[in-house]
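# Observations on the model geometry
The residues making up each chain are set out below.
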Protein chains: 2
Amino acid sequence: MSKFVYFVTEGKKEMKSLLGGKGANLAEMYNIGLPVPETFTVTTEACLKFYDDDKVIADEIKEEIFENLKKLEEVSGKTFGDLENPLLLSIRSGAVVSLPGMMDTVLNLGLNDATAEAFSAKTGKPVFVYELYRRFIEMFSDVVLGISRHAFDALVEEVKSSKGYKDTNEFKLDDQLSTIEKFKAIVKKERGIDFPQDPKEQLLLAVEAVFSSWNNDRAITYRNLQGIPHSLGTAVNVQMMVFGNTNDQSGTGVAFTRNPSNGNKEIYGEYLINAQGEDIVAGIRTPQHISELQQAMPEIYNQFTDICETLEKHYQDMQDVEFTIEDGKLYMLQTRNGKRTASAAIKIAADFVNEGLSNKEKALMSIDVNYIEKLLHPTFDTAELASATPIGAALPASPGAATGKICLTSQKVVELEKAGEKGLLVRVETSPEDIEGMAASAGILTAVGGATSHAAVVARGMGICCISGMGELRIDEVNSTITIGDQTYNEGDYLSLDGETGKVYAGQIKTQEAEITDDFARVIEWSEEIKNLSIYANADTPKDFQKAIELGAKGIGLCRTEHMFFEGDKITSVRKMILAANKEQREAALSELLPYQYEDFKNIFTVAPDYKISIRLLDPPLHEFLPHSKEDIEVLAKNMGVTYEVLAQKVQELKEFNPMLGHRGCRLAITYPEIYLMQTEAIVSAACDANAKAAEIMVPLIGEAKEYEYLKELIDTKMEEVFSAKGKRVPIKVGTMIEIPRACFVAGDIAKNADFFSYGTNDLTQMTFGFSRDDATKFLGEYQDKQLLEADPFKTVDVPAVGSLVQMAAEKGRVTNPELIRGVCGEHGGDPKSITYFDSIDLDYVSCSPFRVPVAIVAAAQAVIVNSK
Amino acid sequence: MSKFVYFVTEGKKEMKSLLGGKGANLAEMYNIGLPVPETFTVTTEACLKFYDDDKVIADEIKEEIFENLKKLEEVSGKTFGDLENPLLLSIRSGAVVSLPGMMDTVLNLGLNDATAEAFSAKTGKPVFVYELYRRFIEMFSDVVLGISRHAFDALVEEVKSSKGYKDTNEFKLDDQLSTIEKFKAIVKKERGIDFPQDPKEQLLLAVEAVFSSWNNDRAITYRNLQGIPHSLGTAVNVQMMVFGNTNDQSGTGVAFTRNPSNGNKEIYGEYLINAQGEDIVAGIRTPQHISELQQAMPEIYNQFTDICETLEKHYQDMQDVEFTIEDGKLYMLQTRNGKRTASAAIKIAADFVNEGLSNKEKALMSIDVNYIEKLLHPTFDTAELASATPIGAALPASPGAATGKICLTSQKVVELEKAGEKGLLVRVETSPEDIEGMAASAGILTAVGGATSHAAVVARGMGICCISGMGELRIDEVNSTITIGDQTYNEGDYLSLDGETGKVYAGQIKTQEAEITDDFARVIEWSEEIKNLSIYANADTPKDFQKAIELGAKGIGLCRTEHMFFEGDKITSVRKMILAANKEQREAALSELLPYQYEDFKNIFTVAPDYKISIRLLDPPLHEFLPHSKEDIEVLAKNMGVTYEVLAQKVQELKEFNPMLGHRGCRLAITYPEIYLMQTEAIVSAACDANAKAAEIMVPLIGEAKEYEYLKELIDTKMEEVFSAKGKRVPIKVGTMIEIPRACFVAGDIAKNADFFSYGTNDLTQMTFGFSRDDATKFLGEYQDKQLLEADPFKTVDVPAVGSLVQMAAEKGRVTNPELIRGVCGEHGGDPKSITYFDSIDLDYVSCSPFRVPVAIVAAAQAVIVNSK
């Protein structure tokens, strides 16, 4: 039989998924002897059962709740609903990960007209008791009955202003009583019911409200954004009330055991004397800094700092705690690992190891790896940013902060850069032809396109700040102005972009460069010691490669050759090649390209000739190199010296219904082997001349072993030709992208002739799901809203299918070729959750954009720790 | 150690894959005591090794050849290259399946200047011997040295005309000698070598030539067309020569043991007196009918008919034999199962069982199942066809023969049909809006589009003859004329289309309807007894369903609902639905569609309410229902009463980069559940009113269990609503298409709530290979030419990947749902090879177009026989 409710003595911190974070930690604190009010926890499984049972709390759960309630009564010596000595309860939600928007807390539950009266008589403090009752009605009405607090607050304000009170502390008994009556009238009006008087009914309603709030809109949206599974459910903690508002020897507070913004070793928090927890949040009274407690209640303060130390030692991490002091006695109401800024995370991790509070593994696990990339980008000067007002906001597509002059063309940015100035490229959208301008810009702003638009993807790869999809941005190319909202700016005016928030500011804001601290270096060093996966970067230029090496990459896992085709005059030769009427013409055009490609590759090899550098042969369909609008075709036809009809005809011929599944990748080379032969010649010549020690040639889009064998033979033959001509040999591996589902099934055959498998998990995901990434944005939102997908499969690898394919290919490949190297070069290569999976199936490496490299290094170390559990 | 050469005594008919068909059957005949000249066979494995060794015959193979040659010399008492009693050889290729274009035969090998002279002296027949030598030089030069026969033939003609001979039989010795010298001069001139005099060199060169011819262009093309694996290789048969040209008691012939065109029980063939095998093929002398042999050589004739009977009994099938008579002694040179027409195949199969020569299984296996569909379509009157001259030809896209009046629009065809006349729809290409006209037409002719164009696919489904992609066809809609080549025809003129050959004829040709003979019905009956798979049809209309039932289908495995959306006024409501600005407008438009859909479904259920009828919910992306050209958008906007901008905007919004992987199938219903709700209401209401007993609702494009669960719940709820409203229930199954690779991985979860899996192997193939079917034609030809794919994966299911996915899903599904029904509704459902695979993995059914149903029935029975081996 399932057990749906746990008494505080039965729990421990490892039971988080069952008891929620709050419940598990309350039990842990209780059981290591810290002062925690008696509690029981209704489990997440009870929540899931509640949903399975069509949102009804099953009788067996109710029974367990009431059994535990009895226990609570026994240990507290109070009785729920009793007129003599009533037990009052706080009800708090407790998910595995805390969610904004979920029902949080109901205090003072158990009061009703009769208990309030009896309790007043017993304590002789009617004002205090009716204060509790009044607060309870308001809270319960708000979070359980769903009546807006607004009406209640207005009533309280009315009393305060008519009586000239500053605070409800000044309320007299008749103020409390009359307000309570008015509160009850609101409930009657809004919900048509009398305020529930039965304490047990109150309790069950509150539990139900917590369960229901798991699936309110805000909670769902938050989980979607954060990639938190919808299937976790929430627990509910039912706790004996302790009162911070009993007298001036009472109070309530929150604190971090270290400074969460810079990581300094100091208790950081605030408290209020004679108050309940909600008063701190409400912000009506200004709380005092925690250090002042030392003067006010020195014994309590010392006890509290001791507890903080105990907790840090016990949890081996910085803690975020809540406490209440009832009449000179300290109670701990919550502890959890504290949220912190990226830089604090690094410092705390390093300090904990220094102080012997934690080991490297534990310290590494305390770092939210997603923060790491933020440390690598420029940020705005905090003071200047605080005083700036944004003129608009859109999608934060690539992190960092940038200030520069508005440039409407790539040429303009490049000119500015040459003049030593910073430009921001502002466009409706970017295309591959903008590559040079993008690389030269300090930041990019576009009017259309999402997180996977060309601008966003390229900017992230280059580590350049980008804000995309600003619908209100209008670009007037004739007058060289842009308009955002009703403000117009000229080309050359300054703007500032915050890639973290998506906000755009007029004028300049000072930026500060990222710096890699010693603490950060240590964290990377530990990660290098622990991790199994090698980390490479996706880089197409010497500059990106250089940056990647600085950030810790040990080579290039994916060097795309097609971007190179757009730079400078090369595109003309590319287009000649495409328009070629026969093999001879095609070879002539390719021979024009050869020296360019040679130069491209040589420059890359020269950066670090000893490093792995894996170059992918041409991948996109040829039509990507041709224009598509009538106007553009006309212009190009003139430039190329062909008729409009000839060019338009070629564009038409190359058009595809589903280019994603069309004539691209190695399929191009099956039709036109000369393309890959030229690229092979360029790579091998450059590798020889640069004395490259670990060059690799990667064949994309392989789906069948014979297809690969055919190309492998062509490549090998050409390679031998070049070696003979050069009179020297360098080691060059040849392998495949694995990105077609079929390739995973025939991986054993492919591996016989392949030195490596490089998984293109982007395409593999597209084909395995049947989702075109470019189109899926139209319907994937609906999937997330309806909780039909646990996570965005383009962000985090889908384990059941895509992951299984990756694993299948990895295993089959090793059977026929025990030396086979297997790694991921798709965007999942920089995603921590995906990295954890790739480590678990023993892949050899991941490759990601340069600025994700440190993230990947730390994530790979965390993966080892997680997977070894 | 491998064995590369087998002596005739070592083989048997089951060793076909090693010895080739010819070699295996020679051994079989030899070993059951029939007169076969001594032979040895170089195996297909030797051929494969030859290719592995870079086209060199390995020494070990040469050794085995010469060992076997020695054996041949021993049993024949003759010696190869000997001057006294030379052994002469015939060298014949012998692939597992015979291939046109491969090197076939070299006769008289072993002759050279010296042996010819000695042999002449010994036999005293120098004219005969030098005739052999002359023929040998010509054949060897042609097939081994690759010198065109043309020059040789011209020389022979010269001698004949200068001497006034009718035939080379009249050649005198000096004619032979001088011609031989001239032949040798040609070899010297063309190849720069003396004609090879060493018999062993001749032998090895001939073997090498046979091996090489396996991969000549014609053989490769043929294998590609026929789907024969390139990896089989060919064997080479080396046989002691027997001479049909010794004297008038000699001869050579070919025969079928039954009439191959109608199946009648009579020996059918021809022979030539005093001739070698090649003379029959050369066609210089007219051969005599085999029956004349009875008069000419009665004993030989009786021996031969006895042998034919023996062979039929032994092989349990009609045989195609070659024989030679040397000086009154009969030798069998070949036997194989004879090719036959479709109707002969059926008659022979039935007769063999009647005559007790074969059992049902064996008889069924003798039928080439691909022929069966041909028996179901009309054909032209043979006499009229013979005298007709085609005016053009294009792709035979759907079989059958049709005569009718040219119609340039669908309306025209429909009008004609109402008037009781037959129309041919002649269009540049067809679109879904032509459905009504296509259904009413006798045949369809299009100017563009291939075997998978809309016209081709729909025509095949409807069993209507179609010729597509006729590049030379021009349509002048203004003058209502069409032009083919330089001939112009008016709308209303008669044309005739031959869907078997792709030929188009002017005027009328009488057609005869297909008739299902008793023999055919018996074959179907046996198949029904033997097969395991159920056979259903893909049918969208009552008419198609009716036809499918007549042809043996037991229900509908796939009823597409989208075609219905194009008929009549429905498209207007569909478009209103698409243009709806909100859910209310969308529901209003859907409620207009509801009665139409109800009517569509009721009409289908009414045809056979007890049969399984599986209806797929809407599948295509919405943009397929809207026009795309500016002109068409303008017209529609006017008709719909919206502005051009509104409609153009919607068209733009719905545009997708990769529609195949876009917003379609169940994804539409995740966004707009009301579409599926309307369809469910229509299906369930219609099923209730028609009292349907086995209706099914099929959800397309499922990739995740939760996605299906969500829709299943919607469907179930709506179904219950309809049942309550109707006050009755009918059994309705709900299941999914399995066509997304991911679905196969999570099939266990999906199956929990699914009654059936219907594999859409077309889409599954597209995604597994990453091939867009619409685009892949551009490069798949190159793949076949380069032997990179064994077969067209859209025709025959790819076992390693697509097959594995199907099997994986079938197995996982049954684990969680032992009642799960699993079948294929993609085009592979009608492909015999694929059916064999689907039977082997224990699927429950296949569904195919109505005219493929009999094919599928027989193929399913053959599959059981093959798979039980």
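The rules behind these values
- Residues numbered from 1 in each chain as written.
- Chains lettered and ligands numbered in written order.
- Predicted model: local features only at pLDDT ≥ 70, side-chain atom pairs only at ≥ 80, totals over all residues.
- Heavy atoms only, no water.
- Helix = DSSP H or I, 4+ residues; strand = E, 2+ residues; numbered from the N terminus.
- Buried < 20%, exposed > 50% of the residue type's maximum accessible area, 1.4 Å probe, protein only.
- Contact = heavy atoms within 4.5 Å.
- Lys, Arg positive; Asp, Glu negative; His and termini not counted.
- Charge placed at Lys NZ, Arg CZ, Asp CG, Glu CD.
- Phe/Tyr/Trp six-rings, centres within 6.5 Å; stacked < 30°, edge-to-face > 60°.
- Lys NZ or Arg CZ within 6 Å of the ring centre and 35° of its normal.
- Buried area = accessible area lost by both parts, 1.4 Å probe.
- Salt bridge = Lys/Arg side-chain N within 4 Å of Asp/Glu carboxyl O.
- Polar contact = N/O pair within 3.5 Å; in protein donor to acceptor, adjacent residues only side chain to side chain.
- Nonpolar A, V, L, I, M, F, W, Y, C, P; charged D, E, K, R; others polar.
- Least-squares fit on C-alpha atoms with pLDDT ≥ 70 in both.
- Axes fitted to C-alpha atoms, helices over the stretch in contact; angles between N-to-C directions.
- Parallel < 35°, antiparallel > 145°, perpendicular 65-115°, else oblique.
- Left-handed = near helix turned anticlockwise from the far one by under 90°.
- Expected span 1.5 Å × (residues − 1).
- Patch = residues over 30% accessible without salt bridge, like charges linked within 9 Å, V, L, I, M, F, W, Y side chains within 5 Å.
- Areas by Shrake-Rupley, 256 points an atom, 1.4 Å probe, with all protein chains shown as cover.

### Re the overall build of chain A
For chain A, the helix and strand inventory stands at 34 helices and 33 strands. C-alpha atoms of chain A, sized along the principal axes, occupy 105 × 65 × 50 Å. Buried residues in chain A amount to 57% of all 869 residues. Looking at chain A alone, contacts between residues at least 24 apart form 68% of all its contacts between residues at least 6 apart. Taken as two groups, the 90 positive and 130 negative side-chain charges of chain A have centres that lie 1 Å from each other.

### Points about the packing of aromatic side chains
Residues and elements named next belong to chain A. Summed over all chains, the structure comprises 36 aromatic pairs over all chains. The interplanar angle of 85° and the centroid separation of 5.7 Å between the aromatic rings of Phe136 and Phe195 together place this pair among those described as edge-to-face. One end of the pair, Phe136, is in helix α5 (residues 126-144); the other, Phe195, is in the loop between α7 (173-191) and α8 (199-213), with 59 residues separating them in the sequence. Judged by its relative accessible area of 0%, Phe136 is buried. With a relative accessible area of 3%, Phe195 lands in the buried category. A ring pair is formed by Phe566 and Phe625, whose centres lie 5.2 Å apart and whose planes are at 25°; its orientation type is stacked. Taken together, the residues span a long stretch of sequence, with Phe566 in the loop between β27 (555-560) and α21 (570-579) and Phe625 in the loop between β28 (612-616) and α23 (630-640) at a distance of 59 residues. The burial state of Phe566 is the same as that of Phe625; both residues are buried. Put simply, the rings of Phe769, Phe771, Phe779 and Tyr783 pair up and form one aromatic cluster. A cation over an aromatic ring shows up here: Arg223 above the ring of Trp214, its NZ or CZ 3.8 Å from the ring centre.

### Some remarks on the interface of chain A and chain B
The interface is formed by 48 residues belonging to chain A together with 49 residues belonging to chain B. Summed over both sides, the interface of chain A with chain B buries roughly 4,200 Å², with 59% coming from carbon and sulfur. For the chain A face of the interface with chain B, the top three residues by lost area are Leu661, Arg742 and Leu788 of chain A, together amounting to 15%. If you look at where chain A meets chain B, you find 4 salt bridges. Residue Lys706 of chain B pairs with Glu790 of chain A through a salt bridge whose shortest N-O separation is 2.8 Å. Linking chain A with chain B are 30 residue pairs in polar contact (both at pLDDT 80 or more). The biggest single contributor to the side of chain A that touches chain B is helix α31 (residues 773-785) of chain A, with 6 residues. Residue classes in the side of chain A that touches chain B are distributed as 24 nonpolar, 9 polar and 15 charged.

### Quick look at the relation of the copies chain A and chain B
Its rotation angle being 180°, the transformation that places chain A on chain B also includes 0.1 Å of axial translation and leaves an RMSD of 0.2 Å. One copy is carried onto the other by what is essentially a two-fold rotation axis. Minimal C-alpha distance to the rotation axis in chain A is attained by Asn658 of chain A, lying at 2.2 Å. Most of the interface of chain A is mirrored in chain B: 100% of its interface residues are interface residues there too.

### Here we look at the pattern of salt bridges
Side chains carrying opposite charge are able to pair once their charged atoms draw close together. All names here are of chain A. One pass over the full model with this rule turns up 106 salt bridges over all chains. For Arg586, the salt bridge goes to Glu674, with nearest N and O atoms at 2.8 Å. Here Arg586 is found in helix α22 (residues 583-607), whereas its partner Glu674 is found in helix α26 (residues 673-690), with 88 residues between them in sequence. Owing to a relative accessible area of 11%, Arg586 belongs among the buried residues under this scheme. The buried category is assigned to Glu674, whose relative accessible area is 6%. Among the ionic pairs, Lys712 bridges to Asp716, the shortest N-O distance being 2.8 Å. Of the two residues, Lys712 and Asp716 both sit in helix α27 (residues 705-726), 4 residues apart, roughly one turn of that helix. It is possible to trace a salt-bridge network through shared partners that takes in Glu562, Arg616, Asp619, Arg664 and Asp763.

### Here we look at the packing of helix α6 (residues 149-163) of chain A against α7 of chain A
All names here are of chain A. Where α6 contacts α7, the two axes come as close as 10 Å, and the packing angle between them is 155°. With respect to their mutual orientation, α6 and α7 come out roughly antiparallel. Between α6 and α7 the crossing geometry is right-handed. Touching Ala151, Phe152, Leu155, Val156, Val159 and Lys163 of α6 are Asp174, Asp175, Thr179, Lys182, Phe183, Ile186 and Val187, all from α7. Grouping the amino acids of the contact of α6 with α7 by side-chain chemistry returns 8 nonpolar, 1 polar and 4 charged.

### Brief notes about α26 of chain A
All names here are of chain A. Between its first and last C-alpha, α26 extends 26 Å over 18 residues, near the 26 Å set by a 1.5 Å rise per residue. The element α26 is extensively covered by neighbouring structure, given that 15 of its 18 residues are classed as buried. Among the residues trailing α26, Asn691 stands out with phi positive, at a value near 60°.

### Quick word on a negative patch on the surface
Taken together, the side chains of Asp52 and Asp54 of chain A together with Glu709 and Glu713 of chain B define an acidic patch exposed on the protein surface. Looking at the secondary structure, you find Asp54 of chain A in the loop between α2 (44-52) and α3 (59-76). Accessibility expressed as a relative area gives 66% for Asp54 of chain A, which makes it exposed.

### Some details on the packing of helix α2 (residues 44-52) of chain B against helix α8 (residues 199-213) of chain B
Residue and element names in this part refer to chain B. Remark: α2 packs on α8, axes separated minimally by 10 Å, with the N-to-C direction vectors making an angle of 80°. Between α2 and α8, the angle is such that the two are roughly perpendicular. Across from Ala46, Cys47, Phe50 and Tyr51 in α2, the residues of α8 making contact are Glu208, Phe211 and Ser212. Broken down by class, the residue content of the contact of α2 with α8 amounts to 5 nonpolar, 1 polar and 1 charged.

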